[in-house]
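Listed here are the chains, written in short residue letters.
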Amino acid sequence: MRGIDFLSSPFLKEESLLFDHEVSTDYLCSNIALVSERARRKYPKLHKELDPLVEQVYHLNGSIRGKLSIDEKDLIALHERYKNIKGKVEHRAKGMLLPKGCEIACRIHILRCEVIQVVRTMHKIKHSGVEVPNILFDYGNLLANYFFVLSLYANELEGREEEEFISKSY
């Protein structure tokens, strides 16, 4: 067997979903950093909203296998940020909306979907018998909702209208 240079992670062969959670949050962090960087020049307010989340989601990354690193203070801070942005854009959220608009808004919608996948994996981990603190579910769900209102904010900054989705199924 070759050495450590030929192993991207010691957890690759693990059968539990813990590593899937860690890969999903790593992917999410990388994409938050990308969207934040894309917003830096044109939308510094969006960059300011996104940039701290890279580190915060890495705390979510290790909070199941390792020490719980998301606390009530983090949840309250995210909730305040959510309420602030929501207050600026709630007039835009009428009905179910298509995940469309400017490039940054579309990328933020992708972040929202990635967070939902992280939360889904946490549920699977919990159902497998591993303890997952409830605050992680609260944080993940709030983060997905935060990304939704942030996408509306990005479209507002760009002067783009939201498009309502009319389902043929329901």
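Here, every reference points to the structure presented above.
The structure reproduced in this document is the subject of the present report. (Residues numbered from 1 in each chain as written. Predicted model: local features only at pLDDT ≥ 70, side-chain atom pairs only at ≥ 80, totals over all residues. Heavy atoms only, no water.)

## Some remarks on helix H1 (residues 18–39)
A rise of 1.5 Å per residue sets the reference length of H1, with its 22 residues, at 32 Å; its end C-alpha atoms lie 32 Å apart and thus fit the reference within 8%. The inward-facing, buried residues of H1 contact helix H2 (44–62), helix H4 (103–127) and helix H5 (134–158). (Helix = DSSP H or I, 4+ residues; strand = E, 2+ residues; numbered from the N terminus. Expected span 1.5 Å × (residues − 1). Contact = heavy atoms within 4.5 Å.)

## Things to note about the packing of helix H3 (residues 72–89) against H5
The N-to-C vectors of H3 and H5 enclose an angle of 25 degrees; their axes lie 9 Å apart at closest approach. As summarised for this structure, H3 and H5 are arranged roughly parallel, according to the angle between their axes. Note on packing geometry: the crossing formed by H3 with H5 is left-handed. Side by side, H3 and H5 meet where Glu72, Asp74, Leu75, Leu78, His79, Arg81, Tyr82, Ile85, Lys86, Lys88 and Val89 of the first sit next to Ile135, Asp138, Tyr139, Leu142, Leu143, Asn145, Tyr146, Val149, Leu150, Leu152, Tyr153 and Glu156 of the second. Residues of the contact of H3 with H5, tallied by class, amount to 14 nonpolar, two polar and seven charged. (Axes fitted to C-alpha atoms, helices over the stretch in contact; angles between N-to-C directions. Parallel < 35°, antiparallel > 145°, perpendicular 65-115°, else oblique. Left-handed = near helix turned anticlockwise from the far one by under 90°. Nonpolar A, V, L, I, M, F, W, Y, C, P; charged D, E, K, R; others polar.)

## As for the environment of Ala33
When you line up the elements, Ala33 lands in helix H1. You can call Ala33 partly exposed: its relative accessible area is 32%. In sequence terms Ala33 and Glu164 are 131 residues apart; their C-alpha atoms lie 29 Å from each other. (Buried < 20%, exposed > 50% of the residue type's maximum accessible area, 1.4 Å probe, protein only.)

## Overview of H3
With 18 residues, H3 ought to run about 26 Å at 1.5 Å a step, and its terminal C-alpha atoms sit 26 Å apart, in line with that. Of the positions making up H3, those classed as buried are Asp74, Leu75, Leu78, Tyr82, Ile85 and Val89. Each buried residue of H3 sits inside an arc of 100 degrees when the element is viewed along its axis, so together they form one side. In this structure, the buried residues of H3 make contact with H2 and H5. The distance from a side-chain oxygen at the start of H3 to the backbone nitrogen of Lys73 is 3.1 Å, and the residue carrying that oxygen is Asp71. (Arc of directions from axis to C-beta. Polar contact = N/O pair within 3.5 Å; in protein donor to acceptor, adjacent residues only side chain to side chain.)

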